[in-house]
Amino acid sequence: MQKSKQIIIMIFSVLVALYSCLALITVHTGNSFLLTLTGSNLFGQQLTVRIILTLIFLFTLAEAVYLFLYARANGRMSKQLVQNTEIGNINIDVMAIEAIAMNACKSAQAGIKSAKAKAVSDKKGNLSLTLDCTVYAEVDIPTYMLKIQERVKKDIERYTGLSVKTVVVRVNKVEVAGTALDNRA
């Protein structure tokens, strides 16, 4: 997510949250134009309208909070790793490093069907990568995952100049190549 989109989403979610809070306050103080639109003098109908409006505004408030937290959590994508040179700084986006790791997985030809990469750096600039993989059933998992670890570490260090501290490979699923099996016996 681009930094500008992230900021816009966060501002929008804060405004929606404020609007929802103000709407909740006006509904419960009796000054709501929505309650006057119903035109009912019966206590039961106004109570029902208040409950419905409260639920709507609480749902809107929850959505705004979720949107804010989602935009904030995706801010990690805009983090950059910096390498200092004589001429200036080189900024490498975390998404670029994750893409290099994914390409290394594919080019290692180690029986991986699909994979996701996540890169995190510590304060010293050392990089830790986590790869979540789905592999084919015919794969010797320990041997090939070691091959993946070595290839990812080598490629990232070669292409970015950054130090890779760890490469964790997690095999989440094993699938048979080509056909799906029916587990009903």
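See the structure printed just above.
*Asks:* Quick question: what am I supposed to make of the packing of helix α4 (residues 94-107) against helix α5 (residues 141-160) here?
*Replies:* Geometry of a packed helix pair, given as the angle between the helix axes and the separation of the axes. Their axes nearest at 9 Å, the elements α4 and α5 cross at an angle of 135°. Considering their axes alone, α4 and α5 lie oblique with respect to each other. Helix-helix and strand crossings are classified by hand; for α4 and α5 the assignment is right-handed. Judged by residue contacts, Ile97, Ile100, Ala101, Ala104, Cys105 and Ser107 of α4 engage Ile148, Arg151, Val152, Asp155, Ile156, Tyr159 and Thr160 from α5. Classifying every residue of the contact of α4 with α5 by side-chain character gives nine nonpolar, two polar and two charged.

*Asks:* It is not clear to me how α4 should be interpreted in this structure. Could you clarify?
*Replies:* Because an α-helix completes one turn every 3.6 residues, residues spaced three or four positions apart along the sequence face the same direction. In this model α4 runs 20 Å from its N-terminal to its C-terminal C-alpha over 14 residues, within 8% of the 20 Å that 1.5 Å per residue would give. Residues of α4 that are buried include every one of Val94, Ile97, Glu98, Ile100, Ala101, Met102, Ala104 and Cys105, and no others. A distance of 2.9 Å separates the backbone nitrogen of Met95 from a side-chain oxygen at the start of α4, and that oxygen is part of Asp93.

Thresholds applied
For every chain, the first residue of its written sequence is number 1, and the numbers climb from 1 along that sequence. Where local features are concerned, this predicted model is filtered to residues with pLDDT of at least 70; where side-chain atom pairs are given and counted, the filter is 80 or more; whole-chain, interface and lining totals use all residues. Side-chain figures throughout are based on the complete set of non-hydrogen atoms in the structure, without hydrogens or water. Throughout, an axis means a line fitted to C-alpha atoms (over the contacting stretch in the case of helices), and angles, computed between N-to-C directions, take values from 0 to 180 degrees. A run of DSSP states H or I qualifies as a helix once it reaches four residues; a run of E qualifies as a strand once it reaches two. Both are numbered from the N-terminal end. Geometric relationships in this document are graded by angle, where less than 35 degrees denotes roughly parallel, more than 145 denotes roughly antiparallel, 65 to 115 denotes roughly perpendicular, and other angles denote oblique. The handedness criterion is simple: a crossing whose near helix is rotated anticlockwise from the far helix by less than a right angle is left-handed, and one whose near helix is rotated clockwise is right-handed. The criterion used for residue contact is that any of the two residues' heavy atoms lie within 4.5 Å. Residues are sorted three ways: Asp, Glu, Lys and Arg are charged, Ala, Val, Leu, Ile, Met, Phe, Trp, Tyr, Cys and Pro are nonpolar, and all the rest, Gly among them, are polar. Residue count minus one, scaled by 1.5 Å, sets the expected span of a helix. Type-normalised accessible area, obtained with a 1.4 Å probe on protein chains alone, sets the label of each residue: buried when under 20%, exposed when over 50%, and partly exposed for intermediate values. Whenever two N or O atoms come within 3.5 Å, that pair is a polar contact, provided that in protein one can donate a hydrogen and the other can accept it, and provided that, for residues adjacent in sequence, both atoms are side-chain atoms.

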